[in-house]
Amino acid sequence: MMSKSNKTYTSKAKFMLHGGDYNPDQWLDRPDILADDIKLMKLAHTNTFSVGIFAWSALEPEEGVYNFEWLDEIFENITSIGGRVILATPSGARPAWMSQKYPEVLRVNGNRLKQLHGGRHNHCFTSKVYREKTQEMNRLLAERYGQHSSLLMWHISNEYGGECHCNSCQHAFRDWLKEKYNHSLKSLNDAWWGPFWSHTYNDWSQIEPPSPIGESAVHGLNLDWRRFVTDQTINFYENEIVPLRELTPNIPITTNFMADTFDLIPFQALDYSKFAKHLDVVSWDAYPAWHNDWESTAELAMKVGFINDLYRSLKQQPFLLMESTPSGVNWHEVNKAKRPGMHLLSSMQMVSHGSDSVLYFQWRKSRGSSEKFHGAVVDHDNSPENRVFKEVAKVGQTLEKLSDVVGTNRPSEVAVFYDWENNWAINDAQGFGLKTKLYPQTLQQHYRTFWEQDIPVDVITKEQDFSNYKLLIVPMLYLVSEETISRLKAFVANGGKLVMTYISGLVNEHDLTYMGGWHKDLQEIFGMKPLETDTLYPKDRNHVTYKNKSYEMKDYATVIDLNSANVEGVYQEDFYENTPAVTSHQYGKGKSYYIGARLDEQFHRDFYSGLIDELSLGAVHEIKHEQGVSVQVRQAENCDYIFIMNFTEEKQPISFDFQGKDMVSGDVITGDLMLERYEVRIIEKKNS
């Protein structure tokens, strides 16, 4: 294994954070409710609250008229029970007076229509007025609360997203392009393949962002617009934090990242690999649709694990779960409640993959508007006696036993490569199967075997160093620069094992195809080249023979021109029958593998199990269990914290040959366990 990391504390707290989004500004006329909150916070075993996220109208009800007294009281109330505050800047939703007086703060959509006041994040990231107003507000917050003993962290805005097409943003986009292309329109036209459909520009003013009423088919333009939106969002964020860095340099800063809830894939609109560099700690909002009717509990848990490992790997340190629900939400197609035991299990899964918190949206249910039925710790009954509140308290009691876990990490020898820009480009490609590309989902399928075998995985991005991993997996790397290809080549030459798949290495960073077929360096690494990709209809099936076994194939098949590679698997049918489908190739001190077809789960299990054996990879601790049980380990210098989790609806036998301490009960554990449905056990094992 790689060397174990020393502890990295993501905040001043050296205990697990438990609590969540608290909106007392909705209850300022109900002092009895605010008093009840403090009593219930203690009963729920909570200790940390995110305050002020959408509170601008309560903090500044009129321009220049401020009301911080209520927030002063909230700080003191939380402090009185030994609690901590994550103080949010309120820029996620501006007050109505601002939209009325300064309409330029509102966004213009892709159809070039000015948006009305309302919603969240309906503000222009380029607006000078909004930038000035957010800095003014944030400076006041920092001056008033920056030295407060209970201030734990700054929470900047909330779930950044969206884009604006106003004149200011278009001007900023053109300036961004001038900088990127060294003020050369020829360079831009070359990168965007300008002669196509007569799209050559001869003046910067002619360039507009992609629009449904204008241009949307120039892929280089689309790609650069998405890059600009990420950079402009980060630039707005950096503007927000200027007074915070100045006045509170020792208070860490975060903003909450997201994931697509229904598919459980990374949020697509922003490149978080860039954004993470500007944060002190990564945090994210997790809302898996537990108990859904399209996948097993274990399948969904695997996807959650993938997202956790991506967000942990962005900074190679523990992250924070900033939002989750104690039970249901209000915006799934079906808002199903978590079954008994699932809240503790799902919370501990987050901790097991590297979270140092379990925080909720929301502390108390709103009485009105769109989130009045969204899950919360405190329901409309205002009671600690209902099932959800009791399960939250149980999570809090468990977290109180896990302070030693805080700051520990998860060393890994395996990495899966995820790239936001690649996903943008491959989704834009007008080819292959428009509904079957599924780039993030494909990565999760390659991640699955390691999750099932309890082998730690980092999910890394192209900016990160991958030279020290034993195994690097890069499925569907459609867009790849020559610089990245060179790094992949060095990785294999120096002894690494590299796995690549169909629809990889086709375009450069401008979304221009490589001429002359596959890039020559990729041909050297893999000892072959893809000639064409056959795209199948959803009902089409083929099969591949690999190590004398047959595996089902769907969606994609690469016709391969073999050079010096070895044939590991062949197609069984169609015009490429008996031709290579899976290859391997020795290159330098390492080895490469190319999987030319989209193959079934069992193929991935068998293929990666072979590599696991070949590379002597394995779980941190050998624990025998059936599929659906996950064992994740966080490691300190002299101690391992082992989370054994049952993501099935049946009892599961567990067997191991070491001795440890149950961190919740304090009992000595050795030998065999029987996990109940959705049960989790956390074992501390001292290392000699």
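Reading guide: rules and limits
- Residues numbered from 1 in each chain as written.
- Predicted model: local features only at pLDDT ≥ 70, side-chain atom pairs only at ≥ 80, totals over all residues.
- Heavy atoms only, no water.
- Pairing = 2+ DSSP bridges.
- Helix = DSSP H or I, 4+ residues; strand = E, 2+ residues; numbered from the N terminus.
- Salt bridge = Lys/Arg side-chain N within 4 Å of Asp/Glu carboxyl O.
- Buried < 20%, exposed > 50% of the residue type's maximum accessible area, 1.4 Å probe, protein only.
- Disulfide = S-S within 2.5 Å.
- Phe/Tyr/Trp six-rings, centres within 6.5 Å; stacked < 30°, edge-to-face > 60°.
- Lys NZ or Arg CZ within 6 Å of the ring centre and 35° of its normal.

(A) Region of the structure containing the sheet that holds strand S1 (residues 17-22). With parallel pairing, 6 strands are arranged side by side in an open sheet as S5-S4-S3-S2-S1-S11. Since the sheet does not close on itself, it has two edges, and those belong to strand S5 (253-254) and strand S11 (357-360), each with one partner. Looking at chain direction, strand S4 (residues 151-155) and S5 are connected through 2 bridges and run parallel. The residue of S5 that forms the bridge with His 155 is Thr 254.

(B) Spatial organisation of the pattern of salt bridges. Per the stated rule, a full pass over the model turns up 44 salt bridges. Here Asp 458 and Arg 312 are joined by a salt bridge, their closest N and O atoms 3.1 Å apart. Placement of Asp 458 in strand S13 (residues 458-460) and of Arg 312 in helix H11 (residues 297-313) is noted, with a sequence separation of 146 residues between them. By relative accessible area, which is 0% here, Arg 312 ends up buried. When salt bridges with common partners are traced through the structure, they connect Lys 180, Asp 224, Arg 227, Asp 231, Lys 274, Asp 419, Glu 421, Lys 462 and Glu 463 into a single cluster.

(C) Structural detail: the state of the cysteines. Under the criterion given, the structure shown has 0 disulfides. Cys 169 provides the cysteine sulfur closest to Cys 124, a residue in no disulfide bond, and the two sulfurs are 3.5 Å apart. By relative accessible area, Cys 124 is classed as buried at 0%. Unpaired in terms of disulfides, Cys 166 finds its nearest cysteine sulfur in Cys 164, a separation of 3.6 Å. Residue classification places Cys 166 among the buried residues on the basis of a relative accessible area of 10%.

(D) Looking closely at the packing of aromatic side chains. Under the counting rule described, the total for this entry stands at 51 aromatic pairs. Residues Trp 284 and Tyr 311 carry aromatic rings whose centres are separated by 5.3 Å and whose planes lie at 70° to one another, so their mutual orientation is edge-to-face. Of this pair, Trp 284 sits in strand S9 (residues 283-285) while Tyr 311 sits in helix H11, and the two are 27 residues apart along the sequence. Of the two residues examined, Trp 284 and Tyr 311, each falls in the buried class. Relative to Phe 526, the ring of Trp 518 has its centre 5.6 Å away and its plane inclined at 50°; by these criteria the two rings are tilted. By relative accessible area, Trp 518 is classed as buried at 4%. When the ring centre of Tyr 181 is taken as origin, the NZ or CZ atom of Lys 180, which lies over that ring, is 5.6 Å away.

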